[in-house]
Amino acid sequence: MNCRNCGAELNANQAVCLKCGVKVGDGNQFCPNCGSAVAENAGVCLNCGVALKQEEAPKPLNGQDKLVMILLALLLSGFGIHNFLMGEVKKGVFRIVMSFVCSIGNILSIVDAIKIATDTYVVDPDKLV
Ligand SMILES: [Zn+2]
Ligand SMILES: [Zn+2]
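In what follows, the accompanying structure is described. (Residues numbered from 1 in each chain as written. Chains lettered and ligands numbered in written order. Predicted model: local features only at pLDDT ≥ 70, side-chain atom pairs only at ≥ 80, totals over all residues. Heavy atoms only, no water.)

Quick look at the coordination of the zinc ion (ligand 1)
Thinking step 1. Within the protein, the atoms that donate to the zinc ion (ligand 1) are Cys 3 (SG), Cys 6 (SG), Cys 17 (SG) and Cys 20 (SG), at distances of 2.2 to 2.3 Å.
Thinking step 2. Here the zinc ion (ligand 1) binds four donor atoms, and the angle range of 105 to 118° at the metal identifies the geometry as tetrahedral.
Thinking step 3. Mapping the donors of the zinc ion (ligand 1) onto the primary sequence gives the spacing C-x2-C-x10-C-x2-C. (Donors = N, O, S within 2.8 Å, 3.2 Å for Na, K, Ca; no water. Tetrahedral: all angles 85-135°; square planar, octahedral: opposite > 155°, others 65-115°.)

This is the structure:
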């Protein structure tokens, strides 16, 4: 384990580099694995090949526009388009399935209403609880 800021060797239980005072893991000048100098923001150490962690700014909506997501969530709520756009595919599929199932329920109830209104609705004795 080496300091990412100055390349000095570190103990595993060290929280701060004793040479440069930087928090362990901070900095991007040196490889934490072998301590050799690396290019700033390099993804991999060219000396030992270890993957170098990049500090990535969190993307709250996976890069999608907030207003667009709100509108899609409200207007096309049943389709989960906003979930798909934010990369939450499973959630979006679940949303579609749920809205499909609920729509079937709505349609069946409308059919019932029509039958009741036209006196053709028959109560199924097997389905009485
Ligand atoms: Zn250091
Ligand atoms: Zn290295």
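Next comes the rest of the write-up.
Notes on the coordination of the zinc ion (ligand 2)
Thinking step 1. Surrounding the zinc ion (ligand 2) are the protein donor atoms Cys 31 (SG), Cys 34 (SG), Cys 45 (SG) and Cys 48 (SG), at 2.2 to 2.3 Å.
Thinking step 2. The site at the zinc ion (ligand 2) holds four donor atoms, and with the angles between them running 103 to 117°, its shape is tetrahedral.
Thinking step 3. Look at where the donors of the zinc ion (ligand 2) fall in the sequence and you get C-x2-C-x10-C-x2-C.
Thinking step 4. The class of Cys 34 is partly exposed, set by a relative accessible area of 29%. (Buried < 20%, exposed > 50% of the residue type's maximum accessible area, 1.4 Å probe, protein only.)

Notes on the environment of Val 24
Thinking step 1. Structurally, the position occupied by Val 24 is in the segment before helix 1 (66-75).
Thinking step 2. A relative accessible area of 23% places Val 24 in the partly exposed class.
Thinking step 3. Remark: the alpha-carbon pair of Val 24 and Gln 14, spanning 10 residues in sequence, is separated by 7.4 Å.
Thinking step 4. Apart from residues no more than four positions distant in its own chain, Val 24 is found in contact with Met 1, Leu 10, Gln 14, Ala 15, Val 16 and Cys 17. (Helix = DSSP H or I, 4+ residues; strand = E, 2+ residues; numbered from the N terminus. Contact = heavy atoms within 4.5 Å.)

A few points about the pattern of salt bridges
Thinking step 1. All chains considered together, the criterion is met by one salt bridge.
Thinking step 2. Between Lys 91 and Glu 88 there is a salt bridge; the shortest N-O distance is 3.6 Å.
Thinking step 3. According to the relative accessible area criterion, Lys 91 is partly exposed, its value standing at 40%. (Salt bridge = Lys/Arg side-chain N within 4 Å of Asp/Glu carboxyl O.)

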